[in-house]
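So the chains spell out like this:
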Amino acid sequence: MKSAFLYSILIFFLHVSFAQPNTGSIRGKLSDTKTQKPLAGVNVLVRGTLRGTTTDAQGTYRLKGVPAGVFDITFSLIGYTSQTLRHIAIQPDTSIQLDVALVQTAIEADQVVVTASRREQSLREVPVSVSTVTSKMIADHVSVTLDDALRYVPGVNMMQDQVNIRGSSGYSRGVGSRVLILIDGLPYITGDTGEIPWETIPMFQIDRIEIVKGAGSALYGSSALGGVINVITKEIGETSEMRFRLFSGLYDTPRYAEWDWSPTRRLNTGGFVSYSNRVGSFGYLISASRMVDESYRLNDVYHRWGLYSKLNYYFSESQSLTFSTNIQWRKHGNFFWWKSLREATRPADTQINGEVNSTRGNVSLAYKTILSDQVLFSLKAIYYGNFWQDNDAGHVNNTATSHFTQVDAQATYLISQDHILTGGLDANYDYVISDIFGSHPGVGAAVYVQDELAPFQSLKLTAGIRYDWQRVWKELFSSPAATSPAQLNPKIGLVFSPGPTTTLRASYGEGYRYPSISELFTSVTTGVSQIKIVPNDNLRPERSIAVEIGGSQMLGERVFLDMALFQNDFYDLIEGGVNPTRFEIQFTNVTRARIRGLEIGIKADWWNRFLTTDFSYTYIDPIDLSRDVVLTFRSRHLLYASLTAHYRQLQANVDFRSVSRVETIDENLVRLAPIVDGDQRVAYKVIDAGITYDLINAGLPLSIGFTVKNLTNYYYVELLGNLSPLRTYYVSIEGGW
Amino acid sequence: MHVISPMCTILQFVMRLLVLITFCFALSSCEGGLAPPPPIELGFSGIVYFTPNAWPPSDSLFNLLIFASQIYPLDSAKVVDGLFQTPYTIFVYPSLTQSLPLDKADSISYSFPLPPGTYKYVGIIQQINPDFLFRGIRVFRVVGFYKDSTNLSQPGSVEVNDREQVKGINIFVDFQNPPPQPF
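Keep in mind it's a predicted model, so treat the numbers as computed, not measured.

**Some details on the pairing of strand β31 (residues 502–513) of chain A**
The two faces of a sheet get side chains in turn, since along a regular strand they alternate between them.
Residue and element names in this part refer to chain A.
Move 1: Across the twelve residues that make up β31, a large majority, nine, are buried.
Move 2: Of the strand pairs in this sheet, strand β30 (residues 486–499) and β31 are connected by seven bridges, and their pairing is antiparallel. Looking across to β31, one finds that G493 is bridged to S507.
Move 3: Turn length for the β30-β31 hairpin, with the two strands adjacent in sequence and antiparallel, is two residues.
Move 4: Pairing of β31 with strand β34 (residues 542–555), which is carried by twelve bridges, proceeds in the antiparallel orientation.

**Details of the sheet that holds strand β3 (residues 90–93) of chain B**
Residues and elements named next belong to chain B.
Move 1: Across the sheet, which stays open at both edges, the four strands sit in the order β3-β2-β6-β7 with antiparallel pairing between neighbours. Each edge of the sheet is formed by a strand with only one pairing partner; in this case those strands are β3 and β7 (140–145). On average, each strand axis in the sheet is tilted by 35° relative to the strand beside it, whichever way the strands run.
Move 2: Of the pairings in the sheet, the one linking strand β2 (residues 63–69) to strand β6 (residues 121–127) comprises seven bridges and is antiparallel in character. Directly across from F67, in β6, lies its bridge partner G123.

**Section: the sheet that holds strand β17 (residues 227–233) of chain A**
Sheets are built from strands that pair by backbone hydrogen bonding, the pairs being arranged parallel or antiparallel.
Move 1: Reading across the sheet, the five strands line up as β11-β16-β17-β14-β15 (chain A) and stay open at both edges, with mixed pairing between neighbours. Strand pairing shows two members of the sheet lacking a second neighbour, β11 (130–134) and β15 (186–187) of chain A, which therefore form its edges.

**Examining the domain arrangement of chain A**
Residue and element names in this part refer to chain A.
Move 1: The domain boundaries assigned to chain A delineate domain 1 (2–104) and domain 2 (138–728).
Move 2: The C-alpha centroid of domain 2 is placed 29 Å from the C-alpha centroid of domain 1.
Move 3: Across the contact, 28 residues belong to domain 1 and 31 residues belong to domain 2.
Move 4: Contributing elements (two or more residues each) for the side of domain 1 that touches domain 2: α1 (2–14) and β4 (60–67).
Move 5: When residues of the side of domain 1 that touches domain 2 are assigned to their parent elements, the largest contribution, five residues, is made by β4.

What counts, and where the lines are drawn
Just so you know, the residues in each chain are numbered from 1, in the order the chain's sequence is written. Written order decides the labels, with chains lettered from A and ligands numbered from 1. Local features in this predicted model are restricted to residues of pLDDT 70 or higher, and side-chain atom pairs are both shown and tallied only at a pLDDT of 80 or more, whereas totals for entire chains, interfaces and linings draw on every residue. Any residue surrounded by 20 or more other C-beta atoms within 10 Å of its C-beta is treated as buried, while 12 or fewer makes it exposed and the intermediate range makes it partly exposed; C-beta atoms here are placed from the backbone. To qualify as a helix, a DSSP run of H or I must reach at least 4 residues; to qualify as a strand, a run of E must reach at least 2; elements of each kind are numbered from the N terminus. Strand pairing is assigned whenever DSSP identifies at least 2 bridges connecting the two strands. Axes here refer to lines fitted to C-alpha atoms; in helices the fit is confined to the stretch in contact. Angles between the N-to-C directions go from 0 to 180 degrees. Domains are outlined according to an automatic or database domain assignment. Whether two residues are in contact depends on their C-beta atoms, placed from the backbone: they are in contact if these lie within 7 Å.

Structure below.
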C-alpha cells in the first residue's frame, strides 16, 4: 500500500513539464446587468487550463499568460448566473477585451470553489456538500466576526464561538476544534488549544468563505473531522482603491428588569478601512480595524485593534509572490457563564473581575508559478503566533504562548482536459510555552495526492490519500506523547451529471484530529471553580469516516434543489470527562458515535428576481454508541430561511433560523462547575432583518444599511449559562472609491 | 394560451407550504424564550415528622417553632444575644410569637427563609410555658433536631447559599423522648 502510494507521488512529479508556450492575455470588466454596478470578486476561469483570476472592486480583471488557443471562459459569482463565453481565440502576444454583465439569481449551481479539491472547479464537479458565504452577505448581516457570518449556513450550528458542522462538535468551548479553518488554504488553528481564533480573521478582507461538509483530512490533515472552512481573502486590484465600513449597534433593553444591569444603553461599534494599489507588477494593501463592544452583559466588554497588510508581486505573467501580515490585540472581560438565569446578564461571582488579553498574529507567504500549460506549482507558508493571559482584578492567573508554522508545497498537473492530478507535501512545527499546558514542541509532516478523472463527460471520479505524521513531546524533544503519530486518510468521490440540470454525487472520506497540546498536558486548578484539570498524554487521535450521497436539480429556471443523505462515524472522540468524586477533569477517548442525517436546500427567485428565497433544513440523529444514548450538546433540527427583496437600489432581507433544543447535556459539568441553572435551554427561533440602500446612482460610492438582529428579542442560549445577544439595532455605512 | 405544467403547480404548492411553515415558526419566536424564574426564597425547607400519639397536652404546648443557629454549642447568654443582637445568629420560624400548626398532625412541611450562612444547630422547640418573662422556669425545650448523617447523636450543619433553597432538611420530633438539651 505504502509503496504504491509513493510510486504515485513519483509518477506525479515525473510528469511535470517545464516548457513555456506563447501566451496572450485577457482583460475586461464585470458588471450587474440590472444596476450596471461593477462586480467585485467574480471568478474568471479559462476552462481546460490552470489560468484564473478574480475581479477587483472596480469589477476589472486581467489574466496574463493564457496559452494561445481556443478556450471557453467562465465568469461566476455567488448570487449571479454564471456565464461562459465559448470558443474564445487567444493569439500569442495579444490582449483581448471581454466585458461581461451578469444576471442576479438565487441559484448557484455553477459557481467556482477551490476548497473541495485544492484547485478551482465548478461546484457541479464537487462530490461533497459545499456552501459559500460572500463578502456581501457578511456586510448585509453586519457580521463582525467569522463565527457570526456562519450562522445561516445550512448544516452549521454555532455554539457561541464554537462551530459545529452536522453535529460534529459537542461542548468544548472551542478547544480541539473538529472543524478545520483555513485562510487562503493554510491552517489557522491555535498551537496550544487547537481552537479557531475567530476574532483574528480579517473580516474586511474576505472575498468569500467556502464550507466543505464531512471529513476532509485526505487533503487537509488534522482537525478536518467534521468539515473544512476556507476563508479566501480578496485579491489586490488593478487600480487604487480605498474602502471603509463603519457600524454602530445599540443593544435593546432586556424585557425583564432582573437582566437590566446597566444604567445606560450599551453599544457595539466598529470600523474597518483599507487602501490598496498596484504599481506595475507590485500591489499592496493595508487595512486597519477597531471594535468596541460594550456588551449587553456585565464584565463582557470587548476591545479589539487590528492591522492587516498584503503585498503582491508578479515576477512574470505566470509567477507571483504574495506576502501578508495580520496582527490583532484584544481585551475581553471574562464572562464564562452567568450567575444564574435570574441574573443572566451578570457573570458568576468568581468571574466578576476577570479579563483575557491576547495578542495574535500571522505572517504568510504564497508563491505561485505556472510551470507549463499543464503544471501549476504553489509554495505556501504561514507562521501563527498566539499569546494570551487571563487576569483577575489585575492579578495574572494563566499565560500561554504558542508558535505554529506550516509550509505547504503543492503541484497541480493537468494531464488532459479530463484528468487532473494534485499532490503536495506539508511540514509543520509547533511550540507552546504555558504555565498551565507546560512547554512542549510538536512536529508534523504529510504527503498527499489526489487524482480526478472524467472517463465520460457526464462522470467524474476523484480519489485521494494523505499520510500524516505528527508528534508532540512532553519535554524538549524527549519523552514523546504516547499518541500514535501516523495517520492515513483516503477519500473517494463520484459526480454523475445525467443532464445539464441534474447532478448526483457520492463520497467517502476519512478524517482525524491529533489531540491538542492543551488536551494532552493541561494541569491546573480552574479559577472559575475548584476543579482540577489533569493531563493525559495517552490520548489517541480522534477519527471519523464520512459517507454522503446527494444530488442537485434545477427545477425550471428559477428553483434549485439540493439534497444530501450523510452518515458520519466517529471513533475515539476526546471529551473532558468530569470525575465527580475526585473533582477532576481529564480529557479521555470515551466516545464512539454515529451521526446520520439529511440536508435539503431549496433556492428560488420570483417575479423577475424581485424576491429570492433560500430554505435549508438539516436533520441529524446523533447517537453515542458507547452508551447507546443521544450524543450530548447536539440539536436535531436546523431550519434556516432567508427572504431577500430587491427594488432599484434598495434591498431588504429577512433571515430566520430555528434550532431545536439541545436534547442532552453533561449534567456533571453543570453540577460541579457549578453553572447555576446551567441546564436551562430552549429551542431557538431568531429573526434578523435589514435594509440596505445603494447610493451609487446618486453619484456617491456608498451604501447605507439598517439591521435589526434578533428582531423579536428572543432569549436563548447557544452555550451553557450564556444568554445570547438581545435585540440589537445596527446602522452601517460602507463605501469605496 | 399559456399552459401551467404539473411540475410548476407542485413547485408553487411546495414553496407556499415552506413559506407558511417558516412563517409559523417565525411567529412562535414571539413567545420570548428563556425568562428569569420567579424569586426564590433562600433558606431551607423540609418536613417535620412527629411520633404518632406522642403529642403533649395543650397546657404544655403553647407554640412550636423551628430554630436555626449559626452557633453551637449554646448557652442562655448566646441564645439571647443570637436572637436579639445584630447581626442575628439565631432565627426562628414562623416567629417568636407565632407557631407551627398544633393540630397533632403526623408531619408538617415547612420552608424557612434565612440569610446565607452555615447553620450548625437546627431543630424544633416547644414553648412549654405561656410567659416568656417567666423567670426561673424553663420556657422552651428542644424536642427534635436535624441530625448529622454520620453521627446521629450530633446536630448536622445546613449550608444556606445565595442561589437556591436547600431542600430535604427533615426533622423528627418525639415529644415523649426529647433529645438532650443544649444547656
